[in-house]
Amino acid sequence: MSTHKHYTGLIERYRDRLPVSASTRIISLNEGNTPMIQLQNIPRLIGKEVDIYVKFEGLNPTGSFKDRGMTMAVTKAVEDGSQAIICASTGNTSAAAAAYAARAGIKAFVLIPDGKIAQGKLAQTLMYGAEIIQINGNFDKGMALVKEIADHAPVTIVNSINPFRIDGQKTAAFEIVDDLGFAPDYHCLPVGNAGNITAYWKGYCEYAAGRVCSSRPIMCGYQAAGAAPFLAGHMIDEPETIATAIRIGHPQSWDFAWAAQKESGGWFEKFTDEQILAAQKMLSQYEGIFCEPASATSLAGALHDIGSGKRSRYGYFSMFCCASCDD
Ligand SMILES: *Cc1c(COP(=O)(O)O)cnc(C)c1O
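Keep in mind that this is a model prediction, so the values were computed, not measured.

> Residue-level account of the overall build of the chain, with values.
Secondary structure summary: the chain contains 13 helices and nine strands in total. The C-alpha radius of gyration of the chain comes to 19 Å, within 12% of the 20 Å expected for a compact globule of 327 residues. Scored against the burial criterion, the 327 residues of the chain give a buried share of 58%. Sequence separation of 24 or more characterises 70% of the internal contacts of the chain that already satisfy a separation of 6 or more. Of the roughly 13300 Å² of accessible surface on the chain, 52% is carried by carbon and sulfur atoms.

> Go over the packing of helix H8 (residues 171–180) against helix H9 (residues 195–209) with me, naming the residues and quoting the values.
Their axes nearest at 7 Å, the elements H8 and H9 cross at an angle of 50 degrees. In this view, H8 runs oblique relative to H9, as classed from their interaxial angle. For the crossing formed where H8 meets H9, the hand is right-handed. Residues Ala172, Ala173, Phe174, Ile176, Val177 and Asp178 of H8 pack against Tyr200, Gly203, Tyr204, Glu206 and Tyr207 of H9. Partitioned by chemical class, the residues of the contact of H8 with H9 number eight nonpolar, one polar and two charged.

> Could you give an account of the packing of aromatic side chains, naming the residues involved and the relevant values?
On inspection of all chains with the given rule, the structure shows 10 aromatic pairs. For the pair phenylalanine 230 and phenylalanine 268, a centre-to-centre distance of 4.7 Å together with 20 degrees between the ring planes defines the contact as stacked. Placement of phenylalanine 230 in helix H10 (residues 229–232) and of phenylalanine 268 in strand E9 (residues 267–271) is noted, with a sequence separation of 38 residues between them. For phenylalanine 268, a relative accessible area of 10% translates into the label buried. Among the aromatic residues, those joined into a ring-pair cluster are Phe230, Trp254, Trp258 and Phe268. The ring of phenylalanine 174 carries the charged tip of arginine 17 above its face, separated from the ring centre by 5.7 Å.

> Lay out the state of the cysteines in plain terms, naming residues and giving numbers.
Applying the stated criterion to the full structure yields zero disulfides. Cysteine 213 takes part in no disulfide bond, and the closest cysteine sulfur to it belongs to cysteine 205, at a distance of 9.1 Å.

> Pulling in residues and values, what's your account of helix H4 (residues 92–104)?
Given 3.6 residues per turn, any residue in an α-helix points the same way as the ones three and four places further on. Taking 1.5 Å of rise per residue, 13 residues should cover 18 Å, and H4 covers 18 Å from first to last C-alpha, within 8% of that figure. Buried residues dominate H4, accounting for 11 of its 13 residues. Among the structural elements, helix H3 (66–79), strand E3 (84–88), strand E4 (107–113), helix H5 (119–127) and helix H7 (163–169) are those in contact with the buried residues of H4. Count one or two residues on from H4 and you reach glycine 105, which has phi positive near 80 degrees.

> Please set out the nonpolar core residue by residue, giving values where relevant.
Core analysis: the largest hydrophobic core is formed by 32 residues, its most contacted members being Ile197, Tyr200, Tyr204, Met219 and Phe230. Elements with a contribution of two residues or more to this core: helix H1 (10–13), H8, H9 and helix H11 (254–264). Considering every element that reaches this core, the biggest residue donor is H9, with seven residues. Residues contacting isoleucine 197, with those up to four places away along its chain left out, are Leu189, Val191, Met219, Gly221, Ala257, Ala260 and Phe268. Membership of the second largest hydrophobic core comes to 29 residues, among which are Val50, Val54, Phe56 and Ala224.

> How would you explain the pattern of salt bridges if you had to name every residue and give the values?
Applying the stated criterion across every chain, the model contains 12 salt bridges. Of the charged contacts, one joins glutamate 57 and arginine 68 as a salt bridge, the two residues approaching to 2.6 Å between their closest N and O atoms. Taken as a pair, glutamate 57 in the loop between strand E2 (53–55) and H3 and arginine 68 in helix H3 lie far apart in primary sequence, 11 residues in all. Residue classification places arginine 68 among the buried positions, given a relative accessible area of 1%. Through salt bridges with shared partners, a single network forms among Lys55, Glu57, Arg68 and Glu175.

> Can you break down the layout of surface pockets residue by residue, with the values?
For the largest pocket, the calculated volume is near 150 Å³. Every element with two or more residues in the lining of the largest pocket is listed here: H7 and H9. Per element, the largest residue contribution to the lining of the largest pocket is three residues, and it comes from H7. Of the residues contributing to the lining of the largest pocket, the split by class is four nonpolar, four polar and two charged.

> Describe the site of the ligand, with residues and values.
Residues in close proximity to the ligand total 16 residues, the closest being Lys66, Asn92, Asn193, Ala194 and Asn196. Between an oxygen atom of the ligand and a main-chain N or O atom of asparagine 193, the distance comes to 2.8 Å. Considering the ligand on its own, with 380 Å² of exposed area, one finds that the protein chains cover 96% of that surface. Judged by its atoms lying within 2 Å of the grid points, the ligand is housed in the largest cavity. Put simply, the parts of the chain that give the shell around the ligand at least two residues each are H9 and helix H13 (293–307). Taken together, the residues that form the shell around the ligand break down as eight nonpolar, six polar and two charged.

Thresholds applied
Residues numbered from 1 in each chain as written. Predicted model: local features only at pLDDT ≥ 70, side-chain atom pairs only at ≥ 80, totals over all residues. Heavy atoms only, no water. Helix = DSSP H or I, 4+ residues; strand = E, 2+ residues; numbered from the N terminus. Rg over C-alpha atoms; globule rule 2.2 N^0.38 Å. Buried < 20%, exposed > 50% of the residue type's maximum accessible area, 1.4 Å probe, protein only. Contact = heavy atoms within 4.5 Å. Areas by Shrake-Rupley, 256 points an atom, 1.4 Å probe, with all protein chains shown as cover. Axes fitted to C-alpha atoms, helices over the stretch in contact; angles between N-to-C directions. Parallel < 35°, antiparallel > 145°, perpendicular 65-115°, else oblique. Left-handed = near helix turned anticlockwise from the far one by under 90°. Nonpolar A, V, L, I, M, F, W, Y, C, P; charged D, E, K, R; others polar. Phe/Tyr/Trp six-rings, centres within 6.5 Å; stacked < 30°, edge-to-face > 60°. Lys NZ or Arg CZ within 6 Å of the ring centre and 35° of its normal. Disulfide = S-S within 2.5 Å. Expected span 1.5 Å × (residues − 1). Core = buried A, V, L, I, M, F, W, Y, C linked by side-chain atoms within 4.5 Å. Salt bridge = Lys/Arg side-chain N within 4 Å of Asp/Glu carboxyl O. 1 Å grid on protein atoms, 1.4 Å probe; cavity = no way out; pocket = protein on both sides within 12 Å on 5 of 7 lines; lining within 4 Å. Points joined across faces, edges and corners; volume = space filled by probe spheres on them. Near = heavy atom within 4 Å. Polar contact = N/O pair within 3.5 Å; in protein donor to acceptor, adjacent residues only side chain to side chain. Sits in = over half its atoms within 2 Å of the grid points.

Right under this line is the structure:
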């Protein structure tokens, strides 16, 4: 008998660490299992001996890491008998919600901020058959509306305030440790709504508690200068940046993100749109890795911190969530 096992998604792979039972119907598009690509040319270019890896999340089924959270959130929504899901989105969440709803055979409602979503993402979301509701206002307003609607209608919210989203997304940390054989020294990532920093930190903590790895990384959260509530120390009302996926002034996982920063000994930093776009171009031109601006914020941050000598004695690790069909 063949021992070969076809990969069937992150819930199957990590089912003993996720809230599913033997009878749960799993809604999956074989997300996860994304490659870690070590940068070869950029370290040489900056003249530093550093190991920088990129986790290429653009290879998820709808083009971003949001699929990790959505397989879990939609699986649980269906298990609980829900016939519809709803989210506010700057782009990637809407595509993921729409795709997994299509897979499950349920309805998806997506609230998008007017004019501030990548056209490719909008087209993709429409193709999956989602009900798109364009609103007058930004992501934060959309989020408030979603909460109001879910209070009165039989729909499940699948934004990252849904705890199952975080559970699905934490598997990216598991994959990194399983791939490297240890936890990285640093984990660099963009921070918008702060669900992902929350999820990664949860994943590393669970692996460390289970002694799968002996250490946890320092978490470095990077924001766009025009949308940097974690640098301001308070929520902000008119976030502005070209990096639409992190154009958020009222992060829903505010307390969790601060906990990740404090417990890991990490920090937040912010970068201008020019710095973000320069990093995006650098990653494309020197490494052949294309990502959207939000993801490039983590390279901008990693290079800044390496350059400032903050971490020069260590091996570095960086991660990006690249969405390939965007902007
Ligand atoms: C959603 C998203 C982010 C922001 O993640 P949060 O969990 O909102 O902090 C960053 N980059 C990409 C590509 C995204 O899709």
